[in-house]
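# Structural features, examined
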Amino acid sequence: MESDKVISPKVIKDGLNGPQGLAIANGQLYVVEAGEGRLLAIDLSSGAAKTVADGMECSTGELAFADTTNWARSSITISGKTAYVGGAGSGNVYKISL
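Residues numbered from 1 in each chain as written. Predicted model: local features only at pLDDT ≥ 70, side-chain atom pairs only at ≥ 80, totals over all residues. Heavy atoms only, no water.

### Some points on the sheet that holds strand β7 (residues 92-97)
Strands in a sheet are paired, the pairing made by backbone hydrogen bonds, and the direction either parallel or antiparallel. On the basis of which strands lie adjacent, the open sheet formed by 3 strands has the order β5-β6-β7 and antiparallel pairing. Lying at the two open borders of the sheet, with one neighbouring strand each, are β5 (75-79) and β7. Going across the sheet, the axis of each strand differs from the next one's by a mean of 20°, ignoring polarity. Bridge analysis of strand β6 (residues 82-87) against β7 gives 6 bridges, and the strand direction is antiparallel. Residue pairing for β7: V85 is matched across the bridge by Y94. (Pairing = 2+ DSSP bridges. Helix = DSSP H or I, 4+ residues; strand = E, 2+ residues; numbered from the N terminus. Axes fitted to C-alpha atoms, helices over the stretch in contact; angles between N-to-C directions.)

Put into structure tokens, the structure is as follows:
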């Protein structure tokens, strides 16, 4: 890639309520939608989204540079057919079969 070239990003999915943790596995982009307390799987070929899990507690607080206690964000990691989601702000870690 040329250093002076500017790339225009492509929106994969819009209208999400607080997207935070992201992970890719098996052609799917997994997104922790913190504002809805759910994990979405977005097909990278078609853009179709489906809910994988819901009912999670996740932090959706505003970031304030003066108060770093609220900087935690939900995260995700995938191992095999299992996703682990850290519901930042709730103190919970969720295990989800994919």
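The rest of the description comes next.
### Points about a nonpolar patch on the surface
A cluster of nonpolar side chains, I12, I24 and L44, forms an exposed patch at the surface whose accessible area comes to about 290 Å². Inspection of the secondary structure puts L44 in the loop between β3 (38-43) and β4 (49-54). Note on L44: relative accessible area 40%, which makes it partly exposed. (Patch = residues over 30% accessible without salt bridge, like charges linked within 9 Å, V, L, I, M, F, W, Y side chains within 5 Å. Areas by Shrake-Rupley, 256 points an atom, 1.4 Å probe, with all protein chains shown as cover. Salt bridge = Lys/Arg side-chain N within 4 Å of Asp/Glu carboxyl O. Buried < 20%, exposed > 50% of the residue type's maximum accessible area, 1.4 Å probe, protein only.)

### Details of the sheet that holds β3
Taking strand neighbours across the sheet as the criterion, the 4 strands line up as β1-β2-β3-β4 in an open arrangement whose pairing is antiparallel. At either end of the open sheet lies a strand with only one pairing partner, and these are β1 (19-25) and β4. Each adjacent strand pair in this sheet contributes to an overall mean axis angle of 25°, direction not counted. The sheet contact formed by β3 and β4 spans 5 bridges and is antiparallel. From the neighbouring strand, L40 faces β4, where its bridge partner is T51.

### Here's the deal with unusual backbone geometry
Even without a glycine there, the phi angle at N26 is positive, about 55°. For N26, the location among the structural elements is in the loop between β1 and β2 (28-33). Take N26: its relative accessible area is 68%, and that puts it in the exposed class.

### Considerations on the environment of S97
Mapped onto the fold, S97 is located in strand β7. Residue S97 is classed as exposed on the basis of its relative accessible area, which comes to 62%. Residue contacts for S97: discarding those within four places in its chain leaves V52 and K81. (Contact = heavy atoms within 4.5 Å.)

### Brief notes about the pairing of β3
In terms of strand pairing, β2 meets β3 through 6 bridges, oriented antiparallel. Within β3, the position partnered with E33 by the bridge is R38. The hairpin formed by β2 and β3 contains 4 residues between the paired strands, and G37 there has a positive phi angle of roughly 65°. What sits between β3 and β4 in their antiparallel hairpin is a turn of 5 residues, with G47 showing a positive phi close to 85°.

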